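Descriptive analysis of the structure
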Amino acid sequence: LDEVAASLDARMPKVDVIDRDEELVVHAEVPGVEKGDLDVSVSDRAVTIKGETKREEKEEKGEYYRSEISRGSFSRTVSLPAGVDIENVKAVFKDGVLELTLPKIEKAKRRKITID
């Protein structure tokens, strides 16, 4: 059972959410996933990242033959700390890292308050 849990955990993307003044930035590590196997959806308060991993190993030595194919899918939903403008989200996928830039809606932007 621990192997199954570890296998599922290894497929789940590790996520960073960065809260900037005007936008939120989400970085998700999705190694072994092709861009075409990713499905990203955004609501005003959450991001859902779905994908499928495929890894294949083969080894042949004399009479010995081994083949291990690892496939699996994942789905991860991350709550956002502020409302975002879902019409203007930008997504970039490079070297196994998905980066989403989510502009905050006007009322959700941070504002510095002066204390009297």
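For the structure, check the block above.
Presented here is a report on the structure given in the accompanying data block. (Residues numbered from 1 in each chain as written. Predicted model: local features only at pLDDT ≥ 70, side-chain atom pairs only at ≥ 80, totals over all residues. Heavy atoms only, no water.)

Here we look at the pattern of salt bridges
Summed over the entire model, instances satisfying the criterion amount to 2 salt bridges. The closest approach of N and O atoms between Asp19 and Lys104, which form a salt bridge, is 2.5 Å. Of the two residues, Asp19 sits in strand S1 (residues 14-19) while Lys104 sits in the segment after strand S7 (97-103), which places them 85 residues apart along the sequence. A relative accessible area of 31% means that Asp19 is categorised as partly exposed. Judged by relative accessible area, Lys104 falls into the buried class, the value being 5%. A salt bridge links Arg20 to Glu23; the nearest nitrogen and oxygen atoms lie 3.2 Å apart. (Salt bridge = Lys/Arg side-chain N within 4 Å of Asp/Glu carboxyl O. Helix = DSSP H or I, 4+ residues; strand = E, 2+ residues; numbered from the N terminus. Buried < 20%, exposed > 50% of the residue type's maximum accessible area, 1.4 Å probe, protein only.)

Re the environment of Lys35
Tracing the backbone shows Lys35 in the loop between strand S2 (23-29) and strand S3 (38-42). With a relative accessible area of 63%, Lys35 lands in the exposed category. Along the primary structure Lys35 and Gly51 are separated by 16 residues, whereas in three dimensions their C-alpha atoms are 9.0 Å apart.

Describing the pairing of strand S6 (residues 90-94)
Burial within S6 is sparse, with just 0 of its 5 residues counted as buried. Bridging between S6 and S7 involves 5 bridges; their strand directions are antiparallel. By the bridge assignment for S7, Phe93 is matched with Leu98. Counted between consecutive antiparallel strands, the loop separating S6 from S7 contains 2 residues, among which Asp95 sits at a positive phi close to 50°. (Pairing = 2+ DSSP bridges.)

As for the nonpolar core
Counting 17 residues, the largest nonpolar core has Ile49, Leu80 and Leu102 as the members making the most contacts within it. Residue assignment for this core shows that the elements contributing at least two residues are S2, strand S4 (46-61), strand S5 (64-79) and S7. (Core = buried A, V, L, I, M, F, W, Y, C linked by side-chain atoms within 4.5 Å.)

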